[in-house]
Amino acid sequence: MAEIEKEDIDSENAGADEYRACFEDDFEDYEDDFEVCDGDDDSFNELEPKEKIEELPLARKKEIQEIQKAINAENERIGELSCRLSQKPDENSSPARAPVCGIFVDFATASRRQKSRTQALKQKTRSTKLLRLIDLDFSFTFSLLDLPPVNEYDMYIRNFGKKNTKQAYVQYNEDNVDRDIQTEEIETRGVWTQHPGEGTAVSGGSRSGDPCDVAAAPKVDTPRLSSFLRAACQVIAVLLEEDRVGAEPGWCPGAQDSTLHISENSSQLNTSLPFLQNREVSCLCASQVWRQTVVSVHGPPGAAFAPALDSRYVLCVWDIWQPSGPQKVLICESKVTCCCFSPFKAFLLFAGTVHGSVVVWDLREDPRIHHYVKLGNCFWTFRTATFSTDGILTSVNHRSPVQAVEPISTSVYKKQSFVLSPFSTQEEMSGLSFHIASLDESGVLNVWVVVELPKADIAGSVSDLGLIPGGRIKLVHSAVIRLSDSLSHKGCEFWGATRTLNVKFLPSDPRHFIVGTDVGLISHGTRQDLRVSPKLYKPQQPGMRPVTVNVIDFSPFGEPVFLAGCSDGSIRLHQLMSECPLLQWDGSTNSHAVIGLRWSLTRPAVFLAQDDTSCIYIWDLLESDLGPVAKQLISPDRLVAMTVVGEAEKASGGFLALVLARASGSVDVQYLKRAWAAPAGDELRKLRLLLQEAL
């Protein structure tokens, strides 16, 4: 603004100077406005000395003469004007007046000249200011073409890169020829025939104008076709199984005397096979994806049978719809303490051993790379582990017996209970890229990444020594979580080191996990070392007690609640955000230790328990929250292990069944009654109201 004001002042000063110059010019011309009128002009001109004129140069003389002529002409014009004015009649004046001599001023001409100069000065000043405002701005520039120099590599490729190339073909539109013809288009029809004919259709064809003439690929709904084939295969397998049972009267899978009073019907898995005789079942595990798939772990035989199998543990993968024989038979050299299936598709089986190793079997492998034994008239393939952590990961491997192996999958239940759950669904995983966790009794929780190799090497791997030749699945150690620090408390020194017995991950948020201990406490933690509340879940009784938490199970319906069965016979129902249990049953099993505890897979308010006296208990919280609604004693063949399989009500029908392993080595399937299998109307909402009232 200061610069603009300065420029305005300069322009005004310049205008003032110009005005002064013009004003001086006015004074120079001022004498022209005053003209001397003399009556005797001729005598005045004659007074000019002729000698001076003759002394001047010729050019100057001509100029003076022209000036004189102009002055004389002006004087004559003024004289004539004066004469006209003097000749006007005047009543008061005398008719004859002598000529008047004096100075006359032309005020009109001077006023017009002054006004024109003032107007011109104003226009010039305004134009100067406007030109300063509308001056062109050259501050913004841009380039129309920016062509960087060619580097050496581009120059080399341009000159030498195309020496050994030639033009193979050129794409143009000359083959698209459209000609006008006067003849009509000939109708054609394509037909086919086959001789000799195979079937009812031996010939066929279509007209050229028909849309079916175009050979279009049929549209196939692949997921729907796969679902249909899977269901059809199950039906066919069941029919073949019935035919096989009819052909072998020596073994009957559906004996009526084995049906319990809590079940409608039952079936028995064929554990009378030669390699399963005299082997006690130590563990049962059901798949959460394929609900009819169960694995049974069999110990070493009581009597010698085959040298290749006598010292090994056998794992059998069963389909309960085909009880005549296992689908796969697996072997392990070490004692298997726990096992689980992969979370997405049940073709991977993981197991923990008493020596601290974690093994995995890929059930898709070609049976030709495994051992097979001829037993009777049939060949059986015994699959060895695809990958084992024995001896190759000594720095990160377990040094104590593995107590639990659990898959860490994404949230299966997208819809969560906003009333009870403070957590949200996290990461998405697909395919075989998932984690599993293994827990030993010393409090070491290892997290492994399951990796599928792109190609199998039949010669074996030099770097992965635990991988079988031809295998494609291996485990890579991801993280380790030591729970001994979080479990050490004041006043626990008397009990010694705390042992960890089992682990479960929250289905709706796999970051969170809970761990059962041998002091009656349940630890709460996360894989990312986040602060959690509460850190421990305690029973209603205060103080430390030598009570082991034998089994833990989360609700499969997305609710953040879990069950805990203890060695003192108590069963606790915990909510994830509460330290004390919502409900606790102390005398429901007559103080017998609870060794099995499972939620129902079809009803949210039903769960089942097993004690160490071979007794099964059924709870229905909507019917009674004070104790079990049914009780079943298993005798004389003692109950060793139990698991639950089932599927919710569908078009094909739902079911809920107990898979029971007996001390004799037999395994039977008990299909529970519809009262405990079929869900009641709006049962989940009623359960939530019950839990809210218990808070």
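Now for a quick tour of the structure. (Residues numbered from 1 in each chain as written. Predicted model: local features only at pLDDT ≥ 70, side-chain atom pairs only at ≥ 80, totals over all residues. Heavy atoms only, no water.)

1. Details of the pattern of salt bridges
Under the criterion given, the structure shown has 15 salt bridges. The salt bridge involving Glu333 is made with Arg312; its shortest N-O contact spans 3.7 Å. Linking Glu333 in the loop between strand E9 (328-332) and strand E10 (336-341) with Arg312 in the loop between helix H9 (307-310) and strand E8 (313-319), this pair joins segments that are 21 residues apart in sequence. Classification of Glu333 by relative accessible area gives exposed; the value is 63%. The salt bridge partner of Arg662 is Asp668, with a shortest N-O separation of 3.1 Å. Judged on exposure class, the residue Arg662 and its partner Asp668 are both buried. A network of salt bridges, in which partner residues are shared, links Asp362, Arg364, Glu452 and Arg472. (Salt bridge = Lys/Arg side-chain N within 4 Å of Asp/Glu carboxyl O. Helix = DSSP H or I, 4+ residues; strand = E, 2+ residues; numbered from the N terminus. Buried < 20%, exposed > 50% of the residue type's maximum accessible area, 1.4 Å probe, protein only.)

2. With respect to the nonpolar core
Among the nonpolar cores identified, the biggest contains 28 residues, and Phe275, Phe382 and Val645 are the most heavily contacted of them. The contact partners of Val645, leaving out residues within four places of it in the chain, are Ala286, Arg291, Val294, Ile320, Leu601, Phe655, Leu656, Ala657 and Val659. (Core = buried A, V, L, I, M, F, W, Y, C linked by side-chain atoms within 4.5 Å. Contact = heavy atoms within 4.5 Å.)

3. Focus on the packing of aromatic side chains
Considering all chains together, one arrives at 16 aromatic pairs under this definition. Considering the side-chain rings of Phe275 and Trp380, the 5.1 Å spacing of their centres and the 65° angle between planes classify their relative orientation as edge-to-face. One end of the pair, Phe275, is in the loop between strand E5 (263-268) and strand E6 (281-286); the other, Trp380, is in strand E14 (residues 378-383), and 105 residues separate them in sequence. Taking 6.2 Å as the distance between ring centres and 85° as the angle between the ring planes, the aromatic pair formed by Phe350 and Phe434 counts as edge-to-face. Taken as a pair, Phe350 in strand E11 (residues 348-353) and Phe434 in strand E17 (residues 434-440) lie far apart in primary sequence, 84 residues in all. Assigned by exposure class, Phe350 and Phe434 land together as buried. Aromatic ring contacts, followed pair by pair, group Trp585, Trp599, Phe607, Tyr617 and Trp619 into a single cluster. In this arrangement the basic side chain of Arg364 is found over the ring face of Phe347, its NZ or CZ atom lying 4.2 Å from the centre. (Phe/Tyr/Trp six-rings, centres within 6.5 Å; stacked < 30°, edge-to-face > 60°. Lys NZ or Arg CZ within 6 Å of the ring centre and 35° of its normal.)

4. Considerations on the sheet that holds strand E16 (residues 402-408)
Taking strand neighbours across the sheet as the criterion, the four strands line up as E16-E17-E18-E19 in an open arrangement whose pairing is antiparallel. Edge positions in the sheet fall to E16 and strand E19 (473-482), since each of these pairs with one other strand and no more. Neighbour-to-neighbour, the strand axes of this sheet turn through a mean angle of 25°, independent of strand direction. Sheet topology places E16 next to E17; six bridges connect them, and they run antiparallel. Across the sheet, the residue bridging to Pro407 is Ile436, located in E17. (Pairing = 2+ DSSP bridges. Axes fitted to C-alpha atoms, helices over the stretch in contact; angles between N-to-C directions.)

5. Quick notes on the sheet that holds E14
Across the sheet, six strands lie side by side as E6-E7-E8-E9-E14-E13; this open sheet has mixed pairing. The two strands at the open ends of the sheet, each matched to only one other strand, are E6 and strand E13 (371-375). Sheet twist, expressed as the average angle between the axes of neighbouring strands with direction ignored, equals 30°. One ladder, built from five bridges, connects E8 with E9; its direction is antiparallel. When the sheet's bridge partners are listed, Tyr313 is paired in E9 with Cys332.

6. What about the environment of Ser666?
Secondary-structure assignment places Ser666 in the loop between strand E33 (655-662) and strand E34 (667-672). The exposure class of Ser666 is buried, given its relative accessible area of 14%. Sequence separation between Ser666 and Glu280 is 386 residues; the distance between their C-alpha atoms is 8.2 Å. A distance of 3.3 Å separates a polar atom in the side chain of Ser666 from a polar atom in the side chain of Ser664. (Polar contact = N/O pair within 3.5 Å; in protein donor to acceptor, adjacent residues only side chain to side chain.)

7. Topic: the side chain of Thr602
Checked against the element boundaries, Thr602 lands in the loop between strand E28 (594-599) and strand E29 (606-611). Excluding residues within four positions of it along the chain, Thr602 makes contact with Phe557, Glu647, Ala648, Phe655, Leu656, Trp676, Ala677 and Pro679.

8. Regarding unusual backbone geometry
The omega torsion of the bond from Ser533 to Pro534 falls at 0°, within 30 degrees of zero and hence cis. Mapping Pro534 onto the fold places it in the loop between strand E22 (522-526) and strand E23 (536-537). Here the residue pair Ser635 and Pro636 is connected by a cis peptide bond, since its omega of 0° sits within 30 degrees of zero.

9. Looking at the state of the cysteines
Covalent bonding between the sulfur atoms of two cysteines is what defines a disulfide. In this structure the tally under the stated criterion is zero disulfides. Take Cys339: it sits in no disulfide, and the sulfur closest to it among the cysteines is that of Cys283, at 4.2 Å. (Disulfide = S-S within 2.5 Å.)

10. Concerning the pairing of strand E12 (residues 358-362)
With five of its five residues buried, E12 lies for the most part within the structure. Because side chains alternate across E12, one face comprises the buried residues Val358, Val360 and Asp362, and the other comprises Val359 and Trp361, equally buried. Linking E11 back to E12 in an antiparallel pair, the connection comprises four residues, with Gly356 at a positive phi of about 90°. Pairing analysis gives two bridges linking E12 to strand E15 (residues 387-388), with the strands arranged antiparallel. Bridge pairing links Val359 to Ser388 in E15.

11. Concerning helix H12 (residues 683-694)
Between its first and last C-alpha atoms H12 spans 17 Å; for twelve residues at 1.5 Å apiece the expected length is 16 Å, and the two agree. Among the residues of H12, those classed as buried are Glu683, Leu687, Leu690 and Leu691. With its buried residues spanning 95° around the axis, H12 presents them on a single face. Contacts from the buried residues of H12 go to strand E25 (561-566), strand E26 (571-575) and E29. (Expected span 1.5 Å × (residues − 1). Arc of directions from axis to C-beta.)

12. Remarks on the side chain of Asn502
With respect to the helices and strands, Asn502 occurs in strand E20 (residues 500-505). Separated by 2.9 Å, the side chain of Asn502 and the backbone oxygen of Asn550 make a polar contact. Once you skip the residues sitting within four places of it in the chain, Asn502 turns out to touch Ala404, Leu439, Ile514, Val515, Gly516, Val549, Asn550, Val551 and Ile552.

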